[in-house]
Amino acid sequence: MKTKQFLTGSLFVAAAFVLNSFTPVVEGYKAGDKAIDFKLKNTDGKMVSLSDYKSAKGFIVTFTCNHCPFAKMYEERIMALDKKYASKGYPVMAINSNDPAVSPDDSYENMISRAKDRSYSFPYLFDATQEIAKAYGATNTPHLYVLAKENGALVVKYIGAIDDNAQDATKATKHYVEDAVDELLANKSVTVTQTKAIGCTIKWKKST
Amino acid sequence: MMKLKKAIFFVCLFVVFGLFKSQAQTFAVIKFSQLKEMMERRNDTTYVFNFWATWCGPCVKEFPDFQKLSRAYQNKKIRFVFISLDFKKDFETVLLPFLKKNYVIDDVFLLDEPDYNSWIDKVEKSWMGDLPSTLIINNGHQLKKMYPHEFTYEELDAVLKPLVK
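Fair warning: this is a prediction, and the values are worked out from it, not measured in the lab.

Peer 1: Looking at this structure, how should I read the nonpolar core?
Peer 2: A general tendency of soluble globular proteins is for nonpolar side chains to be buried together. With 85 residues, the main nonpolar core has B:L35, B:F49, B:F51 and B:V123 as its most contacted residues. The biggest single contributor to this core is helix 2 (residues 69-85) of chain A, with seven residues. Every residue in contact with B:V123, bar those within four places of it in the chain, is listed here: B:F32, B:L35, B:M39, B:F51, B:L135, B:K144 and B:M146. In terms of nonpolar packing, the next biggest core, distinct from the first, is built from 24 residues, A:L50, A:A135, A:Y145 and A:I202 among them.

Given below as structure tokens:
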């Protein structure tokens, strides 16, 4: 009896160990997942969290940066998203996760001047540890996450590109982010929940 | 003596021309249907499709190594094809000058398809559109592999070597 118990016990431990060693690397969010909040430094020096926005219905979390040509092409459209949706309860939260050692244009100091030059109406946050980009599974800039508050949780509703034409906003025919937020505002479920966000790759820290 | 010098001169001339023999490379703007045709070519040649852009730093960094490898494998059944995701408006003003400056000997096509989500899965389902990425195809040998990252000379050489044995 004792032996049996011992065997079962050790099997359980062995199984737990095997499961543990096969835990996959976090692959980031999919639509329907709960997103984590963060506490990141804004260009005004203050720390910003999503929980600071008590009256928000959700967020348009945008991984972007200074240097990337795609981020530059989309900058105006990101600014327009905040102008259009912040007052409706979906403000833009821009996050730069690039390692300035790899991409000096994306340093905190350069973020400050960028935000000032363009008078960003939204926070432009520095993810210095890159932990938020990793948790969300962001790979590119710009890479967007539409989140909606549901029962106190932040639920991912859309992941991907802003629209279907980076080069020319006037030629875009599918406005993924706007469509998603509009549907959420109308209490509908989001039709297109995922697209591939093309752009520059996030500049990860070189492992030492 | 004079004759010998002349002969040496001609030999040199042939060697030089041999080395720089102008390949019939093409620089052009294409649509996805044309890329698809290229990807579906069924013969015993291995095609190395490098997806890149002049605005992509890591792409420009690896570009010279790809050119060196293309020359190194010139006499093997390997062809390099560069698929540029530069913008159509930059074809004449940015891409062509870049190719001339770098003495590019391979085909370079600017893929004019701004709606990436309409074609990216058709290149490779798992591909997220990272630049640079390199797709190696040999339909005769059922080979299709996407490498969504940068390559050094040695790394790509190590991938190509077994393919020409």
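Peer 1: Where do I start with helix 2 (residues 32-39) of chain B in this structure?
Peer 2: Every α-helical turn comprises 3.6 residues, leaving residues that sit three or four positions apart pointing alike. Here helix 2 of chain B has its buried residues at B:F32, B:L35, B:M38 and B:M39. On an axial view of helix 2 of chain B, the arc spanned by its buried residues comes to 115°, and they lie on one face.

Peer 1: Looking at this structure, how should I read the interface of chain B and chain A?
Peer 2: Listed per partner, the contact involves 17 residues of chain B and 16 residues of chain A. A combined buried area of about 1500 Å² lies between chain B and chain A, and 59% of that area is made up of carbon and sulfur atoms. In this structure, the connection of chain B to chain A is made through two salt bridges. A breakdown of the residues in the side of chain B that touches chain A according to their chemical character gives eight nonpolar, three polar and six charged.

Peer 1: I'm lost on the packing of helix 2 of chain A against helix 5 (residues 176-185) of chain A in this one. Help?
Peer 2: Helices that pack against each other are described as a pair by the angle of their axes relative to one another and the distance between those axes. Residues and elements named next belong to chain A. Viewed as axis vectors pointing N to C, helix 2 and helix 5 meet at an angle of 15°, and their least axial separation amounts to 12 Å. Of the possible angle classes, the one that applies to helix 2 and helix 5 is roughly parallel. Where helix 2 crosses over helix 5, the two elements pack in a sense that is right-handed. Along its contact with helix 2, which presents L81, K84 and Y85, the element helix 5 presents V177, E178, V181, D182 and L185. Tallied by class, the residues present in the contact of helix 2 with helix 5 amount to five nonpolar, no polar and three charged.

Peer 1: When you look at the side chain of A:D163 in this model, what are you seeing that I'm missing?
Peer 2: All names here are of chain A. Its location among the elements puts D163 in the loop between strand 9 (153-160) and helix 5. Of note is the side chain of D163, whose polar atom sits 2.9 Å from the side chain of R77. Within the structure, D163 has its side chain in polar contact with the backbone nitrogen of N165 (distance 3.1 Å).

Peer 1: Sorry, what's going on with the sheet that holds strand 4 (residues 107-111) of chain B here?
Peer 2: Across a sheet, paired strands are connected by hydrogen bonds in the backbone, their directions being either parallel or antiparallel. All names here are of chain B. In space, the six strands of this open sheet follow the order 1-4-3-2-5-6, with mixed pairing throughout. Of all the strands in the sheet, the pair left with one neighbour each is strand 1 (27-30) and strand 6 (143-147). Looking at each pair of strands side by side, their axes are set apart by 20° on average, direction ignored. When strand 1 meets strand 4, the two strands line up parallel, connected through four bridges. Its bridge partner being in strand 4, V29 is matched across the sheet by L110.

Peer 1: What's the story with the pattern of salt bridges in this structure? I'm lost.
Peer 2: Once the charged atoms of two side chains with opposite charge are near each other, the side chains can pair. Residue and element names in this part refer to chain B. Considering all chains together, one arrives at 19 salt bridges over all chains under this definition. Between K61 and E150 there is a salt bridge, and its shortest N-O distance comes to 3.6 Å. A residue pair is termed long-range when its members are at least 10 positions apart, and K61 in helix 3 (residues 57-72) and E150 in the loop between strand 6 and helix 6 (153-160) qualify at 89 residues. Accessibility expressed as a relative area gives 63% for K61, which makes it exposed. We note a salt bridge from K88 to D112, for which the minimum N-O separation is 3.8 Å. Linking K88 in the loop between strand 3 (78-84) and helix 4 (91-101) with D112 in the loop between strand 4 and helix 5 (120-123), this pair joins segments that are 24 residues apart in sequence.

Definitions and cut-offs
- Residues numbered from 1 in each chain as written.
- Chains lettered and ligands numbered in written order.
- Predicted model: local features only at pLDDT ≥ 70, side-chain atom pairs only at ≥ 80, totals over all residues.
- Heavy atoms only, no water.
- Core = buried A, V, L, I, M, F, W, Y, C linked by side-chain atoms within 4.5 Å.
- Buried < 20%, exposed > 50% of the residue type's maximum accessible area, 1.4 Å probe, protein only.
- Helix = DSSP H or I, 4+ residues; strand = E, 2+ residues; numbered from the N terminus.
- Contact = heavy atoms within 4.5 Å.
- Arc of directions from axis to C-beta.
- Buried area = accessible area lost by both parts, 1.4 Å probe.
- Salt bridge = Lys/Arg side-chain N within 4 Å of Asp/Glu carboxyl O.
- Nonpolar A, V, L, I, M, F, W, Y, C, P; charged D, E, K, R; others polar.
- Axes fitted to C-alpha atoms, helices over the stretch in contact; angles between N-to-C directions.
- Parallel < 35°, antiparallel > 145°, perpendicular 65-115°, else oblique.
- Left-handed = near helix turned anticlockwise from the far one by under 90°.
- Polar contact = N/O pair within 3.5 Å; in protein donor to acceptor, adjacent residues only side chain to side chain.
- Pairing = 2+ DSSP bridges.

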